[in-house]
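Letter by letter, the chains look like this.
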Amino acid sequence: MGGDPGAPPPPAAQTRFSADGFWWWDGAQWRPAFSQDRLWHWNGQAWEPARPAAATRSGGVGAGAAIGITVAIFLGILVLVSVVVVVILYTMGNQITNVFSNVVAALGSPSP
């Protein structure tokens, strides 16, 4: 019943992790793959120091890209509002001028 002493040991069972990487299956239940303080990570055989989140992501969007997208959206809205204001002033400029002249005339007239 003994195995061949010269034979290599059987391969270790592959640890199964959840899709998000935060849990691992021990054969009976899901266990956390990170310590409560998030400083240690279970690699399947032992605990090892956890890598920063940016190092574990592949192809993720960083803070610089988020700032760039925010600035681009702000500038886009600014251009849109500017175009709308120009169109309104171009099409209704004379009416707006008449309203302001009426207000100025009303304010300049003596009160009864």
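As for the confidence of the model for the protein
When pLDDT is averaged along the protein, the result is 82, and 79% of the positions lie at 70 or above. Here helix α1 (residues 53-56) is the element of the protein with the lowest mean pLDDT, 54, and strand β3 (residues 30-32) is the one with the highest, 92.

Re a nonpolar patch on the surface
Taken together, the side chains of I69, I73, I77, V81, V85 and L89 make up a nonpolar region of the molecular surface, amounting to roughly 550 Å² of accessible area. Mapping V81 onto the fold places it in helix α2 (residues 63-108).

Some points on the sheet that holds strand β1 (residues 16-17)
Read from one edge to the other, the open sheet built from three strands follows the order β1-β2-β3, with strand pairing classed as antiparallel. The sheet is open, and its two borders are formed by β1 and β3, each paired with just one other strand. The pairing of strand β2 (residues 23-25) with β3 spans three bridges and is antiparallel. Bridging from a neighbouring strand, W25 pairs with W30 of β3.

Reading the values: the criteria
Every residue gets a number counted from 1 within its own chain, in the order that chain's sequence is written. Only residues with pLDDT of 70 or above have their local features reported here, since the model is predicted, and side-chain atom pairs are shown and tallied only from 80 upward, although totals for entire chains, interfaces and linings are computed over all residues. Excluding hydrogens and water, the side-chain figures rest on all heavy atoms present in the structure. Confidence per residue, as judged by the predictor, is encoded in pLDDT with a range of 0 to 100. Comment: elements are numbered from the N terminus, with helices defined as DSSP H or I runs of at least four residues and strands as E runs of at least two. Surface patches are defined over residues having more than 30% relative accessible area and no salt bridge, joining like charges when they lie within 9 Å and nonpolar side chains (Val, Leu, Ile, Met, Phe, Trp, Tyr) when within 5 Å. Only the protein chains shown count as cover for residues, and the accessible areas themselves come from Shrake-Rupley with a 1.4 Å probe. A pair is scored as a salt bridge if a Lys or Arg side-chain nitrogen falls within 4 Å of a carboxyl oxygen belonging to Asp or Glu. Each pair of strands is called paired provided DSSP finds at least two bridges between the two strands.

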